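Listed below, chain by chain, are the residues.
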Amino acid sequence: MLFWEMIRVALQSIRANFFRAILTMLGIIIGVAAVITMVALGTGAQTEVNKQISSLGANILNIRTGWGSHRGVSADNKLTIDDLEAIKRDMPSAIAVVPETSGRIQVKLGNQNRNINIIGTTPNFADVQKFELTYGRIFSAAEEAAKKRVIVLGGGVPSLLETDPTMLIGQDLIIKGTSFKILGVLKEKGSFGFTNSDNNAWIPLSTAQYRLTGSEDLDSIGVQLQPGISMENGTMEAERIMRREHQIMPGQKNNFVISDPKLFLTIQQESTQIFSYLLAGIAGISLIVGGIGIMNIMLVTVTERTREIGIRKALGATRNSIMLQFLIEAMALCIVGGIGGIALGTTASNLLASIAGWSTSISLQAIALAFFFSAAIGLIFGMLPARKASLLDPIAALRFE
């Protein structure tokens, strides 16, 4: 029998027992759909983490306040302007330093009142932290030195204020009874861990210290390292300067914290990758279960068509041709089921992205891999029924009732 004739016979067999074939393929359909959906979710999550890592900027250390002790008395130690100047002066590996002081403050625009995080900083924060402007501009060094009442909004603040961002430039935002002129609106970057910088607003550091906090203390100091300087070397250099400035004796614990913002995302990236592999593996188990169902039905099919096999052998069909015929039928079930699974998995991934708002990324590699495994399962689990059919004795088969 010709190969294409075998395929035609296989498809006729599926059509003759259509409902049974659908139930048989259901395991393959669900398995392939689950693999594609889980891989799409995992890939989408990794893509989002990679975007967050790239948006943080290169080689940035964060120095933050920490708890320590002075002469045996526990105290909340603050960062100061002196610490900032020491980092600028004595840390040759630093190419930019960004101080920050912040607080959650109620702001008012028209009849809208919202609590947002106001950050006092220097004009270079946008370049170092890789913020991009959508409208307007960043405040200047002259405005920072003159304690000007100006403000730059994060990309998510206009929606919080229920105002068109194009209408905000030049308007006054009321903070603690004082008006601040809106200079610009930044492009949205998305959340980082449990924080979302899009809902922040930035004002000159001197303005924040003079009008909002009433103190020269800092909450954090961001240090951008020169290209080629490792985070470990930069951390040791910053730690040495900070311990000297805070007069910490050898053996005493630091009363500040130096961290790498990318470290959290790198760990999250690795966890997401492992989790996506785990989910894909669990989904792949359903493919194996579907293959067992294929083998079970093909064994039933061999029993039902015993007389047919006997007639074909009596007419000269070889063992190989009988075996190939049933292998093709098993693979046809799996391939058709695989196509249905690809359609279902793609649809499910798109629905999760559009309805649930999850980040998904459907890869051609995942589709090809799932399709390949569905065909391979048809080949592997169809082997036993096909071999059983090829070994049937033609005389006994013809006598079978």
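Residues numbered from 1 in each chain as written. Predicted model: local features only at pLDDT ≥ 70, side-chain atom pairs only at ≥ 80, totals over all residues. Heavy atoms only, no water.

Looking at the overall build of the protein chain
Next up, step 1: Helix and strand content of the protein chain: 13 helices and 13 strands.
Next up, step 2: Within the protein chain, buried positions represent 44% of all 401 residues.
Next up, step 3: Counting only carbon and sulfur atoms, one obtains 60% of the accessible surface of the protein chain, whose full area is about 20,800 Å². (Helix = DSSP H or I, 4+ residues; strand = E, 2+ residues; numbered from the N terminus. Buried < 20%, exposed > 50% of the residue type's maximum accessible area, 1.4 Å probe, protein only. Areas by Shrake-Rupley, 256 points an atom, 1.4 Å probe, with all protein chains shown as cover.)

Examining the packing of aromatic side chains
Next up, step 1: Tallying each qualifying case throughout the model produces four aromatic pairs.
Next up, step 2: Relative to tryptophan 202, the ring of phenylalanine 125 has its centre 5.3 Å away and its plane inclined at 15°; by these criteria the two rings are stacked. Taken together, the residues span a long stretch of sequence, with phenylalanine 125 in helix 4 (residues 125-128) and tryptophan 202 in strand 11 (residues 200-204) at a distance of 77 residues.
Next up, step 3: These aromatic residues form a ring-pair network of at least three members: Phe125, Phe131, Phe139 and Trp202.
Next up, step 4: The ring of tyrosine 210 has lysine 147 sitting right over it, with the charged end atom 5.9 Å from the ring centre.
Next up, step 5: The aromatic ring of phenylalanine 131 is capped on one face by lysine 189, whose charged end is 4.2 Å from the ring centroid. (Phe/Tyr/Trp six-rings, centres within 6.5 Å; stacked < 30°, edge-to-face > 60°. Lys NZ or Arg CZ within 6 Å of the ring centre and 35° of its normal.)

Brief notes about the side chain of glutamine 112
Next up, step 1: The topology assignment puts glutamine 112 in strand 4 (residues 112-121).
Next up, step 2: Among the polar contacts made by the side chain of glutamine 112, one reaches the side chain of arginine 114 at a distance of 3.0 Å.
Next up, step 3: Discounting chain neighbours no more than four positions away, the residues touching glutamine 112 are Val107, Leu160, Leu161 and Glu162. (Polar contact = N/O pair within 3.5 Å; in protein donor to acceptor, adjacent residues only side chain to side chain. Contact = heavy atoms within 4.5 Å.)

As for empty space enclosed by the protein
Next up, step 1: With the rule as written, the count across this model stands at one cavity of 30 Å³ or more.
Next up, step 2: Size it by volume and the largest cavity reaches roughly 120 Å³.
Next up, step 3: Around the largest cavity sit Ala10, Ser13, Ile14, Asn17, Arg20, Ala21, Thr24, Ile297, Met298, Thr301, Glu329 and Leu333, which together line it. (1 Å grid on protein atoms, 1.4 Å probe; cavity = no way out; pocket = protein on both sides within 12 Å on 5 of 7 lines; lining within 4 Å. Points joined across faces, edges and corners; volume = space filled by probe spheres on them.)

Some details on unusual backbone geometry
The phi angle of most residues is negative, glycine excepted, and most peptide bonds adopt the trans form.
Next up, step 1: Phi angles above zero are rare outside glycine, and lysine 147 is one such case at about 55°.
Next up, step 2: Following the sequence through the fold, lysine 147 ends up in the loop between helix 5 (141-145) and strand 6 (150-153).
Next up, step 3: Its relative accessible area of 36% is what places lysine 147 among the partly exposed residues.
Next up, step 4: Phi angles above zero are rare outside glycine, and glutamine 247 is one such case at about 55°.
Next up, step 5: Its place among the elements puts glutamine 247 in the loop between helix 8 (231-245) and strand 13 (256-259).
Next up, step 6: Relative accessible area serves as the criterion here: at 64%, glutamine 247 is assigned to the exposed category.

Let's talk about the packing of helix 3 (residues 81-90) against helix 8
Next up, step 1: Their axes nearest at 10 Å, the elements helix 3 and helix 8 cross at an angle of 135°. Between helix 3 and helix 8, the crossing angle belongs to the class labelled oblique. Considering how the two elements wind past one another, helix 3 and helix 8 form a crossing that is right-handed. On the side of helix 3, the interface is formed by Asp82, Asp83, Ala86, Ile87, Arg89 and Asp90, while helix 8 contributes Glu237, Ala238, Arg240, Ile241, Met242, Arg244 and Glu245.
Next up, step 2: Residues that form the contact of helix 3 with helix 8 fall into these classes: five nonpolar, no polar and eight charged. (Axes fitted to C-alpha atoms, helices over the stretch in contact; angles between N-to-C directions. Parallel < 35°, antiparallel > 145°, perpendicular 65-115°, else oblique. Left-handed = near helix turned anticlockwise from the far one by under 90°. Nonpolar A, V, L, I, M, F, W, Y, C, P; charged D, E, K, R; others polar.)

Focus: a nonpolar patch on the surface
Next up, step 1: Together, Phe19, Leu23, Leu26 and Ile30 line one region of the surface with nonpolar side chains, adding up to about 420 Å² of accessible area.
Next up, step 2: If you trace the backbone, leucine 26 turns up in helix 2 (residues 18-55). (Patch = residues over 30% accessible without salt bridge, like charges linked within 9 Å, V, L, I, M, F, W, Y side chains within 5 Å. Salt bridge = Lys/Arg side-chain N within 4 Å of Asp/Glu carboxyl O.)

Some words on the confidence of the model for the protein chain
Next up, step 1: Per-residue confidence for the protein chain gives a mean pLDDT of 81, with 86% of residues at or over 70.
Next up, step 2: The spread of mean pLDDT over the elements of the protein chain runs between strand 2 (residues 73-77), the lowest at 48, and strand 6, the highest at 96.
Next up, step 3: Counted against residues more than four places away or in other chains, residues 68-75, with its pLDDT under 50, gives nine contacts. (pLDDT = per-residue confidence, 0-100.)

Considering the packing of helix 11 (residues 319-356) against helix 12 (residues 364-390)
Next up, step 1: It is at 7 Å that the axes of helix 11 and helix 12 come closest, and there the two elements cross at 150°. Taken together, the axes of helix 11 and helix 12 lie roughly antiparallel to each other. As for the relative orientation of helix 11 and helix 12, their crossing is right-handed in sense.

Re the pairing of strand 7 (residues 172-175)
Next up, step 1: Only one face of strand 7 is covered, namely the face carrying Leu173 and Ile175; the face carrying Asp172 and Ile174 is uncovered.
Next up, step 2: Pairing between strand 3 (residues 94-109) and strand 7: two bridges, direction antiparallel. Considered in strand 7, the bridge of valine 107 is made with isoleucine 175.
Next up, step 3: Two elements, strand 7 and strand 8 (residues 178-186), share four bridges in a ladder whose sense is antiparallel. Opposite leucine 173, over in strand 8, you have phenylalanine 180 as the bridge partner.
Next up, step 4: In textbook terms, the turn of a hairpin is the stretch between consecutive antiparallel strands, and for strand 7 and strand 8 this stretch comprises two residues, one of which, lysine 176, has a positive phi near 55°. (Pairing = 2+ DSSP bridges.)

Thoughts on the pattern of salt bridges
Next up, step 1: Considering all chains together, one arrives at six salt bridges under this definition.
Next up, step 2: The salt bridge involving arginine 114 is made with glutamate 162; its shortest N-O contact spans 3.4 Å. Within this pair, whereas arginine 114 is found in strand 4, its partner glutamate 162 is found in the loop between helix 6 (157-160) and strand 7, the two being separated by 48 residues in sequence.
Next up, step 3: Assessed through its relative accessible area of 26%, arginine 114 is described here as partly exposed.
Next up, step 4: Here glutamate 245 makes a salt bridge to arginine 244, at a shortest N to O gap of 2.9 Å.
Next up, step 5: According to the relative accessible area criterion, arginine 244 is partly exposed, its value standing at 41%.

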